Amino acid sequence: MMKMNVTVFCVVFTLITVFKWDNLGVMAEKSKCDTCNAIVNNFEKGLKKTAKSNYGGGNTKWEESRLGSFATSETRFVEVMEGLCEGEDKNCPTILEENEELIEKYWFSFYAKGSEEDMKMWLCVSNMKVCCPENTFGPTCLECPGGKIRPCKDNGNCEGGGTRKGTGKCNCNTGYEGDLCDSCKDGYFEASKNDTHTTCTACHRSCQSTCWEEGPKGCDDCKTGYTQTEEDGCQDIDECSAEASPCDNGKYCSNTEGSYYCNSCHKSCDGCTTFGADKCTECNEGYRLEEDRCTDINECTEEGGAELCTGEHRSCVNQEGSFSCDCDSGYIEEEDQCIIKPPEPPKPKQSTPSTTEEDSASENVEKDEL
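Keep in mind the model is a prediction, meaning the values are calculated, not measured. (Residues numbered from 1 in each chain as written. Predicted model: local features only at pLDDT ≥ 70, side-chain atom pairs only at ≥ 80, totals over all residues. Heavy atoms only, no water.)

Q: I'd like a rundown of helix α6 (residues 119–127), residues and numbers included.
A: Every buried residue belonging to α6 is among Met 119, Trp 122, Leu 123, Cys 124 and Val 125, and all of these are buried. Two or three places before Lys 120, at the opening of α6, Asp 118 has a side-chain oxygen 3.3 Å from that residue's backbone nitrogen. One or two residues past the end of α6 sits Lys 129, with phi positive at roughly 55°. (Buried < 20%, exposed > 50% of the residue type's maximum accessible area, 1.4 Å probe, protein only. Helix = DSSP H or I, 4+ residues; strand = E, 2+ residues; numbered from the N terminus. Polar contact = N/O pair within 3.5 Å; in protein donor to acceptor, adjacent residues only side chain to side chain.)

Here it is in structure tokens:
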């Protein structure tokens, strides 16, 4: 049993290792392609920069025509080379060093002779072989599914497109699926489709998952919170209009599209229609209805309020929705009685060091003994 477990572990570990290194290879190759593209872009920037450094104007074509022998000179080539890895990662200088002769060849064999040879295709695709033409992939630059012109039916992108790696599988845009991204996912419907184009449009928010046309009438089924009507399709259910409120007592219901939420009533309310002391269905204890709103009752001034708080030196104090029995000023609560607040003990005086006659005499004796 132990031998079998070890064998299984080795197989799994091997598969994970192969998968890991294969993915790292894809990432590394992609990085080389990106770096090569960056070198080409910086090459173009270098041409503009070296033209402007000789002529301070802004018309690059005119400047190029006025550069004379400098335009295709080795001096200018060196200046352009110095900026080819500007702003790029740490791998760029190594890649540039390995391919410096190719870039030099492009300069003198094509650029200096006014050739229209595309640098990216010549350098990155044909010679360095780290990139593929657009919408092709893999070691031999195969066409992406659907062809070079409209890969993935224009509804996705080809995995590894433009590189020497990748599977070429279509990664579909939102709402699309299929090998060529020419089918609609659940939640979308075919707005149009022919031999070359497919257009998928999102279903209405009231649809459960699938639909056959735009709007709430196109839903196959309604989401929770909606009801199907023959005339208008899926319509919002107003949960708050039900005879029994879905909210707990002390909260009011607010309807939303496809749902509802519960909010707390005003503190004076025992049930309400919405927030506010004037929106109560009944008043909480400690409040009463006055002028169509629940207002605080001052229990201390009501009939019998003087008898609410017993004991000497104790008074009734009104609170919002209630009252309290507090000790009068100058008294504190102790064992359910109000007693005179004891005076605060005096703060200790801070003594300052001083020299007495005895201290002085002692210091003099010590000095004499020394």
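Q: Can you tell me about the layout of surface pockets, naming the residues and giving the values?
A: In this approach a probe as big as a water molecule rolls over the atoms, and the regions it shows empty are the leftover space. Here the second largest pocket is characterised by a volume of approximately 210 Å³. Lining the second largest pocket we find 11 residues, and of these Gly 46, Lys 49, Glu 79, Gly 83 and Glu 86 sit closest to its centre. No other element matches the six residues that helix α1 (residues 2–54) contributes to the lining of the second largest pocket. Residues that form the lining of the second largest pocket fall into these classes: one nonpolar, five polar and five charged. (1 Å grid on protein atoms, 1.4 Å probe; cavity = no way out; pocket = protein on both sides within 12 Å on 5 of 7 lines; lining within 4 Å. Points joined across faces, edges and corners; volume = space filled by probe spheres on them. Nonpolar A, V, L, I, M, F, W, Y, C, P; charged D, E, K, R; others polar.)

Q: Can you lay out the side chain of Asn 42 for me, pointing to particular residues and giving the numbers?
A: Locating Asn 42 in the fold gives a position in helix α1. By relative accessible area, which is 8% here, Asn 42 ends up buried. Polar side-chain contacts of Asn 42 include one of 3.4 Å to the backbone oxygen of Glu 86. The contact partners of Asn 42, leaving out residues within four places of it in the chain, are Gly 83, Leu 84, Cys 85, Glu 86 and Glu 88. (Contact = heavy atoms within 4.5 Å.)

Q: Kindly report on helix α5 (residues 100–111), identifying the contributing residues and their values.
A: Looking only at α5, the buried set comprises Ile 103, Tyr 106, Trp 107 and Phe 110. For α5, the arc enclosing every buried residue in end-on projection is 120°, short of the 170-degree limit, so these residues lie on one face. (Arc of directions from axis to C-beta.)

Q: With reference to specific residues and values, describe the pairing of strand β11 (residues 251–256).
A: Bridge count between β11 and strand β12 (residues 259–264): six bridges; the pairing is antiparallel. Along β12, the bridge assignment pairs Thr 256 with Ser 259. A loop of two residues connects β11 with β12, the two strands running antiparallel in sequence, and Gly 258 in this loop sits at a positive phi of about 80°. (Pairing = 2+ DSSP bridges.)

Q: For the pairing of strand β13 (residues 287–290), give the residues involved together with the corresponding values.
A: Where β13 and strand β14 (residues 293–296) come together, four bridges link them in antiparallel fashion. Residue pairing across strands places Arg 288 opposite Thr 295, the latter belonging to β14. Between β13 and β14, which pair antiparallel in sequence order, lie two residues; one of them, Glu 291, sits at a positive phi of approximately 55°.

Q: Please set out the packing of α5 against α6 residue by residue, giving values where relevant.
A: For the pair α5 and α6, interaxial distance at closest approach is 11 Å and the crossing angle is 140°. Of the possible angle classes, the one that applies to α5 and α6 is oblique. α5 and α6 meet at a crossing whose hand is right-handed. The residues of α6 that touch α5, namely those facing Leu 102, Ile 103, Lys 105, Tyr 106 and Phe 110, are Met 119, Trp 122, Leu 123 and Asn 127. Taken together, the residues of the contact of α5 with α6 break down into seven nonpolar, one polar and one charged. (Axes fitted to C-alpha atoms, helices over the stretch in contact; angles between N-to-C directions. Parallel < 35°, antiparallel > 145°, perpendicular 65-115°, else oblique. Left-handed = near helix turned anticlockwise from the far one by under 90°.)

Q: How would you summarise a negative patch on the surface if you had to cite specific residues and measurements?
A: Residues Glu 74, Glu 97, Glu 98, Glu 100, Glu 101 and Glu 104 make up a contiguous surface patch of negative charge. Going through the elements one at a time, α4 (92–98) and α5 are the ones with two or more residues in the negative patch. Ranked by the residues each element gives to the negative patch, the list is headed by α5, at three residues. The topology assignment puts Glu 104 in helix α5. Given a relative accessible area of 32%, Glu 104 falls into the partly exposed group. (Patch = residues over 30% accessible without salt bridge, like charges linked within 9 Å, V, L, I, M, F, W, Y side chains within 5 Å. Areas by Shrake-Rupley, 256 points an atom, 1.4 Å probe, with all protein chains shown as cover. Salt bridge = Lys/Arg side-chain N within 4 Å of Asp/Glu carboxyl O. Lys, Arg positive; Asp, Glu negative; His and termini not counted. Charge placed at Lys NZ, Arg CZ, Asp CG, Glu CD.)

Q: Break down the state of the cysteines for me, citing the residues and quoting the values.
A: Considering all chains together, one arrives at 19 disulfides under this definition. Between the sulfur atoms of Cys 265 and its disulfide partner Cys 272 the distance amounts to 2.0 Å. Disulfide Cys 265-Cys 272: the torsion about the S-S bond is -85°, which places it as left-handed. In this structure, Cys 265 and Cys 272 share a single accessibility class: buried. Disulfide partner of Cys 269: Cys 280, at an S-S distance of 1.8 Å. (Disulfide = S-S within 2.5 Å.)

Q: Can you explain the environment of Cys 36? Please cite residues and give values.
A: Examined against the element boundaries, Cys 36 turns out to sit in helix α1. For the pair Cys 36 and Lys 129, spaced 93 residues apart in the sequence, the C-alpha separation amounts to 10.0 Å. Discounting residues that sit within four places of it in the chain, Cys 36 has contacts with Leu 123, Cys 124, Met 128 and Val 130.

Q: Requested: an account of the environment of Cys 92, with residues and values cited.
A: Along the chain, Cys 92 falls in helix α4. Excluding residues within four positions of it along the chain, Cys 92 makes contact with Thr 35, Ile 39, Leu 84 and Cys 85.

Q: Lay out the nonpolar core in plain terms, naming residues and giving numbers.
A: Among the nonpolar cores identified, the biggest contains 26 residues, and Phe 43, Leu 84, Leu 96, Ile 103, Met 119 and Leu 123 are the most heavily contacted of them. The dominant element in this core, judged by the number of residues it contributes, is α1, at six residues. Once residues within four sequence positions are removed from consideration, Leu 96 is found in contact with Ile 39, Met 81, Leu 84, Cys 85 and Ile 103. Counting residues in each nonpolar core, the second largest holds eight residues, with Phe 189, Cys 203, Cys 211 and Cys 234 among its members. (Core = buried A, V, L, I, M, F, W, Y, C linked by side-chain atoms within 4.5 Å.)

Q: Give me the lowdown on the pattern of salt bridges, citing residues and values where you can.
A: Using the criterion set out here, one finds seven salt bridges in the structure. Asp 154 is paired through a salt bridge with Arg 150; the nearest N and O atoms lie 3.2 Å apart. By relative accessible area, which is 47% here, Asp 154 ends up partly exposed. Residue Glu 290 pairs with Arg 288 through a salt bridge whose shortest N-O separation is 2.9 Å. The exposure class assigned to Glu 290 is partly exposed, which follows from its relative accessible area of 36%. Given the relative accessible area of 33%, Arg 288 is considered partly exposed. Here the salt bridges do not stand alone but share partners, grouping Arg 288, Glu 290 and Glu 302 into one network.

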